[in-house]
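Summary of structural features
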Amino acid sequence: QVQLVESGGGLVLAGGSLRLSCAASGSTILFYAMGWYRQAPGKQRELVATITSGGNTNYADSVKGRFTISRDNGKNTGYLQMNSLKAEDTAVYYCNIGGVQFSTYYPTYWGQGTSVTVSS
């Protein structure tokens, strides 16, 4: 059974940085795409960033230029580096792994989420 565990969330001042990690167990992430979603209070969950098994990345317009998704297959871990954080980035962040079909990412396994609060 695949398990994903996020870490690295917390409270940060606006303009600051955080790096989220997503450690996988039960399966290698090598052949999966990985993504990060977030859900702010009272809002729908939104896709923030994805990275394919080949390393191709995509970002939501709201985080382009500020967030960087990466993966270390040797460590079976994915990352989301978040810079220049804004109050509107406050949310619970979820990592997931899944497949890509016709350029659409389909998450299969989810972590439990890690909370990020950006104080202005």
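Each remark here, short or long, concerns the structure printed above.
Conventions we followed
- Residues numbered from 1 in each chain as written.
- Predicted model: local features only at pLDDT ≥ 70, side-chain atom pairs only at ≥ 80, totals over all residues.
- Heavy atoms only, no water.
- Helix = DSSP H or I, 4+ residues; strand = E, 2+ residues; numbered from the N terminus.
- Rg over C-alpha atoms; globule rule 2.2 N^0.38 Å.
- Buried < 20%, exposed > 50% of the residue type's maximum accessible area, 1.4 Å probe, protein only.
- Contact = heavy atoms within 4.5 Å.
- Areas by Shrake-Rupley, 256 points an atom, 1.4 Å probe, with all protein chains shown as cover.
- Lys, Arg positive; Asp, Glu negative; His and termini not counted.
- Charge placed at Lys NZ, Arg CZ, Asp CG, Glu CD.
- Polar contact = N/O pair within 3.5 Å; in protein donor to acceptor, adjacent residues only side chain to side chain.
- Salt bridge = Lys/Arg side-chain N within 4 Å of Asp/Glu carboxyl O.

**Quick word on the overall build of the protein**
- Regarding its fold elements, the protein presents zero helices and 11 strands.
- Seen in sequence order, the protein has helices and strands lined up from the N terminus as β-β-β-β-β-β-β-β-β-β-β.
- On C-alpha atoms alone, the protein measures out to a radius of gyration of 13 Å, which is about the 14 Å that the 2.2 N^0.38 rule sets for 120 residues.
- The C-alpha extent of the protein, read off along each of the three principal axes, is 40 × 25 × 25 Å.
- The buried share of the protein, taken over its 120 residues, is 41%.
- Considering only intrachain contacts with a sequence separation of at least 6, the fraction spanning at least 24 residues in the protein is 56%.
- In the structure as shown, the protein presents an accessible area of about 6,300 Å², 48% of it carried by carbon and sulfur atoms.
- Put simply, the protein has 9 plus and 6 minus side-chain charges, and the middle of one group is 2 Å from the middle of the other.

**Looking at the side chain of R66**
- When you line up the elements, R66 lands in the loop between β6 (57–59) and β7 (67–72).
- A distance of 3.0 Å separates a polar side-chain atom of R66 from the backbone oxygen of S84.
- Sequence-distant contacts of R66, defined by excluding residues within four places in its chain, comprise Q81, M82, N83, S84, L85, K86 and D89.

**Some remarks on the pattern of salt bridges**
- In the structure shown here, the tally under the stated rule is four salt bridges.
- The shortest N-O distance in the salt bridge between R38 and D89 comes to 2.9 Å. Here D89 lies in the loop between β8 (77–82) and β9 (91–101) and R38 lies in strand β4 (residues 33–39), a separation of 51 residues in the sequence.
- A residue is classified by how much of its surface remains accessible, and R38, at 6% relative accessible area, is buried.
- We note a salt bridge from D61 to K64, for which the minimum N-O separation is 3.2 Å.
- One connected set of salt bridges, linked through shared partners, spans R38, E46, R66 and D89.

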